[in-house]
Every structure is written in C-alpha cells, then in structure tokens.
Amino acid sequence: MEKPIALDRLSKNTLFEEGDIFVLFGELFGRGYATGLVEEAKRAGMQVVGITVGRRDENNALRPLTGEEHAAAEANLGGKVINIPLMAGFDLDAPPGGPTPTDMLSRLTLENWQHERLDWEYIQRCQEIASARFKNGVAEVMSELEDMIPAGRNVFFAHTMAGGIPKAKIFLVVANRIYKGTGSRHLSSQALVDSDMGKLILQNFDEVSAVTFQHLIDGSASLRARVESTGGQVRYTAYGYHGTAVLIDNSYRWQTYTNYTQGHAKMRLEGIASEAWRNGVMATVYNCPEIRTNSSDVFAGIELPLIPLLLALKKENGGEWADDQWQACQRLLAEGVSLQEVLEKIKRMQANDVMRPFYDFGAWPMPNCQEQADLTIGTSAEIMQMHKDTKSLVSDKLSALVVEATGQIIFSESSAPSGPILWLNHDIVARKLNATHQDNYLERSGTVASKSLEAV
C-alpha cells in the first residue's frame, strides 16, 4: 500500500437494529478498543454474543471456563459467552509429551539467544496442531451460533484477537530492553527479528492477530450464506494499527510508534481483509490511533502521539466541550506544569531530525535505533513525571475518548463500509467526539435557558 486510506466521513448506522446479532470474536478484557464497539451494539438493541479464549490448567491443557469464570465473563460482556475455548497461537501447543515452543525458548539465555537455532520442522508440527485445534473450535462456535440467529437478521462479527507474546523469561528480558531500554540498556529490535526467537514470535503474532481473522471468515461461510439467503447481511471488522495521522505543525501527518514488532502481522491482517473484499465479503480493518491498554503499556512512548488529540479537538471546532477536556487534562498535571508545556515537549520530539526517517509510510514497520529510543522513551518518562499522579495520566483520559469515538465510527461505518482498510486519524476521531458532545452541551444549555425563561 502506497499511502493510508483515511476515513473522512461520519456515517450513520443504516443497517443494524434491535434483534440483530453482534458477535465479539475475542474475549472482552478491560482497557481495550472493543468496549466502545460493544457499547454501540447494545445501544442499537443488538443481541451481544461473545467467545472465550479458555484457560490453561496446571498441566497446560486448554479448558473451558468454570461456572464462576463463565458467569463473570458474561456479566463483563453483558451478553451470552459461548464457552468453547478459542485460544489463538501455537506457543503452548505440542505433540503429546513433547515440549511446546515456549518450552523450547526456556533454554535460551542472554548470552546465546541471538545465535541459538530452533527446530523449525518440530515448530511447524506445533503450529499445525494449534491451527487444527482453533479451526475445530471455530466450527463448534458457529454451530452454536446457527441456533441463535433467526432468519432475516443481520450479523456483525468483530474480531479483536491480537498479541501472541510467549511467556518465556528470556523474551520478557529482551523485550524490556527493546521497548524500554535507553543508553547502554538499549537493544535493537532488528536483533530480535533476525534471531530464531524473533522469527518464532513473529509467526505467533501472525497466527493470533491475522490468521484468526481468516479462520473466522472461512469458518462462518455457511452461516453467512444462510443469513444472506434469508435477507440478512453480514459484516466483519478487525482492529489494525499501522500508524495514524496526528496534528504536527497544524497539519495532519502520518506518524507511528517505533518499534511496532506486531506491524508485520497487522499488514497480513490487512491483506486478509482485502482478499475477502475481492471475494464479495464485507470485511474491514480499521487502523485506529494507539491508546494505552494493558498490553500496550510494555511499549514506552506509545502514548505520546495520543496527546495531540487535544489540538485536534480544538481544530475541529470542539467549542466549550473541547475547552472542558483541556481543563480536565490540565488538572491531572503537577503544580506549576501547563498542558502547553507538555504539548511543546511532544512537538520538539516530533520535529527532531532523529524522528524524520520514521515518517516514511512505505518503510513501516522500521526497526528502532538508540537515538530514536532515547528520545521517545526519555520524552515519555519526562511527561509522566509532569503529572500529579503517575497512575492518572492525560493519556488515560484521552484513551477513553478514543475508545468511545472509534466504537461509534466503526459501528456506523460498517453498515455500509467504504473499503477493506481504513485509517481513523485524529481528525475524524475529534470530529466524532465534538459532534457527539457538543450536541449534548447544546441540549443541556437549551434546557437551562428554557428553565431560566420560565422563572422570569
């Protein structure tokens, strides 16, 4: 892809209504994009159905949720959870009695991990076992869904599976140096990608973040045909990340977090959506602005491009509501620190010559380098210390706003999507937030004015 395709319209939902089915293809956990989309489905009156990744027992066997776990998952989702374990990835699968790929990584050390070679023929067997397990699970899930979807109803499949980091101590040590290391503790992400450990992890990222989308589309083919034959329509969405455009020097410019190792899997996800689209299946990957989540917190500095959303809110005519968001963020900062100082610090980082090579969309995802890591991670640490409480950050508040807006945008756009790969840049996010909240402000001010007149 030569350039990102930005979504530049605020659509209205013209398809989904009460009684239609929303399927969350991925377990709902806290601090993620999916919560915003689930809320929109509920607001439209759709029946919400979820799945579970299941859990591993003490012998590493994959199991369904217990009764207590199942009840908690359904309460969290606000809908039925099909209790068939769909854990993605092959890092914990193996032939009977054999080591898992994660076990194979356990012999690696800081001294040998870059040079140690893995048994790729054996790893392929593990991958095949995991793939068969997952596809069989999808078939069981679809069988249950068949009985839950009445004739003529529309179905919205929201794929939310991502990640795939194996729980191997050596990788966690290496990742800490890649994503958080500065100075002498810095480690090049290219060193990881060039190693057998890195190649294994990239394959697992593919399986979790991308190939599961293909399994969903393929596994629901007969259900899709039945729904469409009775007058309903089916949509598929997935969350991508491929950089986003934020305000830099008063114009929206594409930028990205580096190093986003999962970027290769996200591009494969885009390819799966494009192929499905060519085959007449409405599947769309939405590349969203990065936010702080439980999983993204490992990437120091990933939150920095989020803060200029405050500038976009004003540029897109946010009015009184946007002013209130600025004030709310200002209250999170330490005494004597202004929000403008924070934004200036980010602006200086963005304009630094070190960052310029990383604005090349065609080269994404690029490996990191020490100068870039020092600048990004250092800026992140400095801004964190500018807060009253490092557990209550400006980026947390703005993350919640992005989750809200992207949920609304994706839900509405997916009723008649304009393409298989779309970027939700800060401009469209700000426009959606302003449109939603300014209307609420006007309604409230109109009510206040009416009461004032009555009093007179």
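Higher on the page you've got the structure.
Residues numbered from 1 in each chain as written. Predicted model: local features only at pLDDT ≥ 70, side-chain atom pairs only at ≥ 80, totals over all residues. Heavy atoms only, no water.

Student: Help me get a handle on the sheet that holds strand E1 (residues 21-25), residues and values and all.
Tutor: If you walk across this open sheet you meet the seven strands as E5-E2-E1-E6-E7-E10-E11, and the pairing is parallel. The open sheet has two edge strands with one neighbour each: strand E5 (80-85) and strand E11 (421-423). Across the sheet, the mean angle from the axis of one strand to that of its neighbour is 20°, orientation sign disregarded. Contacts from helix H7 (residues 196-219) reach E1, strand E6 (155-159), strand E7 (234-240) and strand E10 (283-287), with the element oriented near 160° to E6. (Pairing = 2+ DSSP bridges. Helix = DSSP H or I, 4+ residues; strand = E, 2+ residues; numbered from the N terminus. Axes fitted to C-alpha atoms, helices over the stretch in contact; angles between N-to-C directions. Contact = heavy atoms within 4.5 Å.)

Student: Could you give me a rundown of the packing of aromatic side chains, with the residues and numbers involved?
Tutor: Tallied over the entire structure, the rule returns 14 aromatic pairs. Between the aromatic rings of Phe22 and Phe156, the centroid separation amounts to 5.2 Å while the plane-to-plane angle is 45°, which identifies the pairing as tilted. With Phe22 in strand E1 and Phe156 in strand E6, this residue pair connects regions lying 134 residues apart in the sequence. Like Phe156, Phe22 is buried. Summarising the aromatic geometry, the rings of Phe25 and Phe134 are spaced 6.2 Å apart at their centres and angled 85° between planes, so their arrangement reads as edge-to-face. Taken together, the residues Phe25 in strand E1 and Phe134 in helix H4 (residues 120-146) connect sequence positions 109 residues apart. As far as the burial class goes, Phe25 and Phe134 line up, both buried. (Phe/Tyr/Trp six-rings, centres within 6.5 Å; stacked < 30°, edge-to-face > 60°. Buried < 20%, exposed > 50% of the residue type's maximum accessible area, 1.4 Å probe, protein only.)

Student: Residue-level account of the nonpolar core, with values.
Tutor: Residues Phe22, Leu309, Leu310 and Val394 are the most contacted members of the largest nonpolar core, which totals 60 residues. With nine residues, the top contributor of residues to this core is helix H14 (residues 394-413). Beyond its immediate chain neighbours, meaning those up to four positions away, Leu309 contacts Leu398, Val402, His426, Val429, Ala430 and Leu433. (Core = buried A, V, L, I, M, F, W, Y, C linked by side-chain atoms within 4.5 Å.)

Student: I'd love a proper account of the side chain of Gln127, names of residues and values included.
Tutor: With respect to the element layout, Gln127 can be found in helix H4. Residue classification places Gln127 among the buried positions, given a relative accessible area of 19%.

Student: Please set out empty space enclosed by the protein residue by residue, giving values where relevant.
Tutor: All told, the structure shown has six cavities of 30 Å³ or more when counted by the stated rule. Taken as a whole, the largest cavity spans an internal volume of roughly 130 Å³. For the largest cavity, the lining is made up of 15 residues, of which Gln255, Thr256, Pro305, Met349 and Met355 are closest to its centre. For the lining of the largest cavity, the secondary-structure elements that each account for two or more residues are helix H12 (339-351) and helix H13 (370-384). Broken down by element, the lining of the largest cavity gets its largest block of residues, three residues, from H12. The residue makeup of the lining of the largest cavity, split by class, is eight nonpolar, seven polar and no charged. (1 Å grid on protein atoms, 1.4 Å probe; cavity = no way out; pocket = protein on both sides within 12 Å on 5 of 7 lines; lining within 4 Å. Points joined across faces, edges and corners; volume = space filled by probe spheres on them. Nonpolar A, V, L, I, M, F, W, Y, C, P; charged D, E, K, R; others polar.)

Student: Could you give me a rundown of the packing of helix H11 (residues 319-330) against H12, with the residues and numbers involved?
Tutor: Packed helices, taken two at a time, are described by the angle between their axes plus the distance between the axes. Following both chains from N to C, one finds H11 and H12 inclined at 90°, their axes separated by 9 Å at the closest point. One element, H11, and the other, H12, form an angle in the roughly perpendicular class. For the pair H11 and H12, contact is made by Trp326, Cys329 and Gln330 and by Leu339, Gln340 and Leu343, respectively. Class assignment of the residues belonging to the contact of H11 with H12 gives a composition of four nonpolar, two polar and no charged. (Parallel < 35°, antiparallel > 145°, perpendicular 65-115°, else oblique.)

Student: Could you give an account of the side chain of His387, with specific residues and numbers?
Tutor: Position of His387 among the secondary structure elements: in the loop between H13 and H14. For His387, a relative accessible area of 7% puts it in the buried group. Polar side-chain contacts of His387 include one of 2.9 Å to the backbone oxygen of Ile383. Setting aside residues up to four positions removed in sequence, His387 forms contacts with Leu332, Leu333, Ala334, Ser392, Leu393 and Val394. (Polar contact = N/O pair within 3.5 Å; in protein donor to acceptor, adjacent residues only side chain to side chain.)

Student: Run through H7, naming residues and quoting values.
Tutor: The axis of H7 is deflected most strongly, by about 45°, at Val211. Counting buried positions along H7 gives 19 out of 24 residues, so the element sits mostly inside the fold. (Bend = angle between axes of the 7 residues up to and from the residue.)

Student: Go over the environment of Phe361 with me, naming the residues and quoting the values.
Tutor: Its location among the elements puts Phe361 in the loop between H12 and H13. Since its relative accessible area comes to 10%, Phe361 is described here as buried. As a C-alpha pair, Phe361 and Arg226 span 135 residues in sequence and 41 Å in three-dimensional space. Setting aside residues up to four positions removed in sequence, Phe361 forms contacts with Met1, Glu2, Lys3, Pro4, His242, Trp254 and Trp423.

Student: Residue-level account of the pairing of strand E2 (residues 47-52), with values.
Tutor: With five of its six residues buried, E2 lies for the most part within the structure. Examined bridge by bridge, E1 and E2 share four bridges and lie parallel to one another. Opposite Phe22, over in E2, you have Val48 as the bridge partner. In this region the chain leaves E1, passes through helix H1 (residues 34-43) and returns to the parallel neighbour E2; the handedness of that crossover is right-handed. Pairing geometry for E2 and E5, over four bridges, is parallel. Bridge pairing links Val49 to Lys80 in E5. (Right-handed = clockwise from strand over helix to strand, strands pointing away.)

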